[in-house]
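Take a look at the letters that make up each chain.
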Amino acid sequence: MRYTIDGAAYRRMILSAAASIEIHKQKINELNVFPVPDGDTGTNMSMTLNTAAADLRKTDTLTLTKAADMAASAMLRGARGNSGVILSLLFRGFSKALKGLEETDGAGFAAALNAGVEAAYKAVMKPAEGTILTVSRLSGAAAAEFAQENPDMEATLACTIDAAREALANTVNQNPVLQKAGVVDAGGMGFLVILQGMLASLQGKDVEAPTGAAGTKEAADFSALTDEEITFTFDTVFIVRKTSDKSIEPFREYLNSIGDSLVIGEDDDAFKVHVHTDIPGDALTEAQKYGTLELAKIENMRTQYEDMAAGRTPQSTDDLDMDEAAEDVPAVAAPEKKYGVVSVCAGAGLASVFRDLGVDGIIEGGQTMNPSTEDILKQINRTPAEVVYVLPNNKNIIMAAEQTIPLTEKQVIVIPSKTVPQGITAMLNFDPDQDVEANTAAMTDSLAAVTTMQITYAARNSDFDGRDIHEGDYLGLYNGGLLDTTPDLSRLLSDMAGKAAEAGAEFINIFYGADIAEAQAQDALEIFTRQCPDAEINLLSGGQPVYYYLISAE
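No experiment lies behind these values; they were computed from the predicted model shown.

**Section: the overall build of the chain**
Part 1 of the argument: Counting its secondary structure elements, the chain contains 20 helices and 18 strands.
Part 2 of the argument: Residue pairs at least 24 apart in sequence account for 70% of intrachain contacts in the chain once pairs closer than 6 positions are excluded.
Part 3 of the argument: Accessible surface, the chain as shown: approximately 24,600 Å² in total, 49% of it carbon and sulfur.

Below you can see the structure in the form of structure tokens.
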């Protein structure tokens, strides 16, 4: 049994936990009650924890205080989604409680966990039972009680996990939504997985990060190479944005002919390539037949191996990234006006709408792509205003936006918009001639006047509230709740138009997404015009991914 941990042990525990949740993130995602293709809990928790792992991998000589501080700082910057923010707060408690310590035992670990629980509860306005908060609170209390009698670190962590597992199993009974779906809380499951990864490390069974396409590295692990193993010289990684539906199979065959260690990850819009080759320029030239080259990193593995063999730190394009990041970190823009606004959205059409309404900066993100606290902070700092309003436009981004408030010298006010239509309405109620309090009240109060309807697809099979949901079916949401699911898009649009008519909507905006052709969008306009003849209806290209339609009614 391991009685205490120091900085090196804590570092390994975080790396093991990050690898553990990366492995299990899809299982955690599938616990999300609504099967929407959104920024899921497992993905957000994994991305948040892996920001800490990335920083910790850069050095292995850390005190306990430094390791805890580095992990907490990275997670604060990289927090994504509500689950990621809560996770970062839990680990911020570790940073505060372990400050000044060279090592700690189980009692210190329990105190650190409970300090994080306290910070997380303070940050959530209306803490709900049956969530990650419940699981962390009950497991922390059990750890503290156990450590009073036996402060052995490994034994205390094992007790913490037992309590977390029991608390997680009970979340299905505490939350009505989970009870209907018959599942445990996704965030609580993620927290349990993290604790299990930490214990595995303490027991000498460190969890390793996954390899293959899902775990493709931005650069090669040169420490694992010998000169004889380097068949091709250049480790080459690049991303290509597709400009046609052309199959990339001929390109795959070409790359196999000029190199090895080939991994290609592909989605509808882009593909990412990792290959070892002697002629990276030819690979990049050929890639441009399939789309627009967006990013490329090329590293000479032979010279890097020679550096390692000589005891030198090998140079990497990661070093250039760090240098450029240091140069490009935006200084806080001097105020040129009283007010500025930044907004989160995805899609060129929606971005254009927000800019036309006076938004200073757009943060790319939303469904499936929750921006981090650092992403939002950068845009705030670039805005040349004394007071910066933030429109998250997604309920899963509000907490990440709120974490920026103490991180900048600007006055930041987060308007809790949960949808893009709410964000647009908030901007329509913004008046640069009003004082801060009046603007904040007007923008916030306007959110309740907007009915938001969204059409996306079911990301997986699910049984929710008595409805049998099939993967790939259209999924209709009405003010965040499930309206219907069907393979018939026209029927879903008709149901939504009927709801708008019943509510007496006078103004309706229909934003169609990247996967909807204009002619198809005209059909949607016809449906709404027929059922809401007295309403003023606008059809606009939003260009948003994932969501076929975003519809607002007032």
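**Thoughts on the environment of Ala186**
Part 1 of the argument: Structurally, Ala186 can be placed in helix H9 (residues 186–202).
Part 2 of the argument: Separated by 54 residues in sequence, Ala186 and Ile132 place their C-alpha atoms 7.8 Å apart.
Part 3 of the argument: In this structure, Ala186 is in contact with Ile28, Leu31, Asn32 and Thr41, ignoring residues within four places of it in sequence.

**Brief notes about the pattern of salt bridges**
Part 1 of the argument: For the structure on display, the rule yields 14 salt bridges.
Part 2 of the argument: Between Lys122 and Glu118 there is a salt bridge, with the nearest N and O atoms lying 3.4 Å from each other. Of this pair, Lys122 and Glu118 both sit in helix H5 (residues 106–123), four residues apart, roughly one helical turn.
Part 3 of the argument: The class of Lys122 is exposed, set by a relative accessible area of 65%.
Part 4 of the argument: The exposure class assigned to Glu118 is partly exposed, which follows from its relative accessible area of 45%.
Part 5 of the argument: When salt bridges with common partners are traced through the structure, they connect Asp55, Lys58, Arg77 and Glu374 into a single cluster.

**Observations regarding the sheet that holds strand E14 (residues 474–478)**
Part 1 of the argument: The sheet built from six strands is open, its strands ordered E15-E14-E11-E18-E16-E17 with mixed pairing. Each edge of the sheet is formed by a strand with only one pairing partner; in this case those strands are strand E15 (481–486) and strand E17 (536–541). Direction aside, neighbouring strands of the sheet carry axes that sit 15° apart on average.
Part 2 of the argument: With five bridges connecting them, strand E11 (residues 451–457) and strand E18 (residues 549–553) associate as antiparallel partners. Residue Gln454 lies in a different strand from E18, and its bridge partner there is Leu550.
Part 3 of the argument: Its contacts with the sheet put helix H17 (residues 420–428) on E11, strand E16 (507–512) and E18, and the angle it makes with E18 is roughly 45°.

**Remarks on the environment of Ser95**
Part 1 of the argument: Looking at the element boundaries, Ser95 is found in helix H4 (residues 81–97).
Part 2 of the argument: Judged by relative accessible area, which is 10%, Ser95 ranks as buried.
Part 3 of the argument: Note: C-alpha distance between Ser95 and Ala71 (24 residues apart in sequence) is 8.1 Å.
Part 4 of the argument: The residues contacting Ser95, other than those within four sequence positions of it, are Ala68, Asp69 and Ala72.
Part 5 of the argument: A polar atom in the side chain of Ser95 sits 2.5 Å from the side chain of Asp69.

**So, unusual backbone geometry**
Part 1 of the argument: Positive phi, normally seen in glycine, also occurs at Asn393, with a value near 60°.
Part 2 of the argument: Positive phi values are uncommon outside glycine, yet Asn479 reaches one of about 50°.
Part 3 of the argument: Within the fold, Asn479 resides in the loop between E14 and E15.
Part 4 of the argument: Overall, Asn479 belongs to the partly exposed group, its relative accessible area being 46%.

Conventions we followed
Residues numbered from 1 in each chain as written. Predicted model: local features only at pLDDT ≥ 70, side-chain atom pairs only at ≥ 80, totals over all residues. Heavy atoms only, no water. Helix = DSSP H or I, 4+ residues; strand = E, 2+ residues; numbered from the N terminus. Contact = heavy atoms within 4.5 Å. Areas by Shrake-Rupley, 256 points an atom, 1.4 Å probe, with all protein chains shown as cover. Salt bridge = Lys/Arg side-chain N within 4 Å of Asp/Glu carboxyl O. Buried < 20%, exposed > 50% of the residue type's maximum accessible area, 1.4 Å probe, protein only. Pairing = 2+ DSSP bridges. Axes fitted to C-alpha atoms, helices over the stretch in contact; angles between N-to-C directions. Polar contact = N/O pair within 3.5 Å; in protein donor to acceptor, adjacent residues only side chain to side chain.

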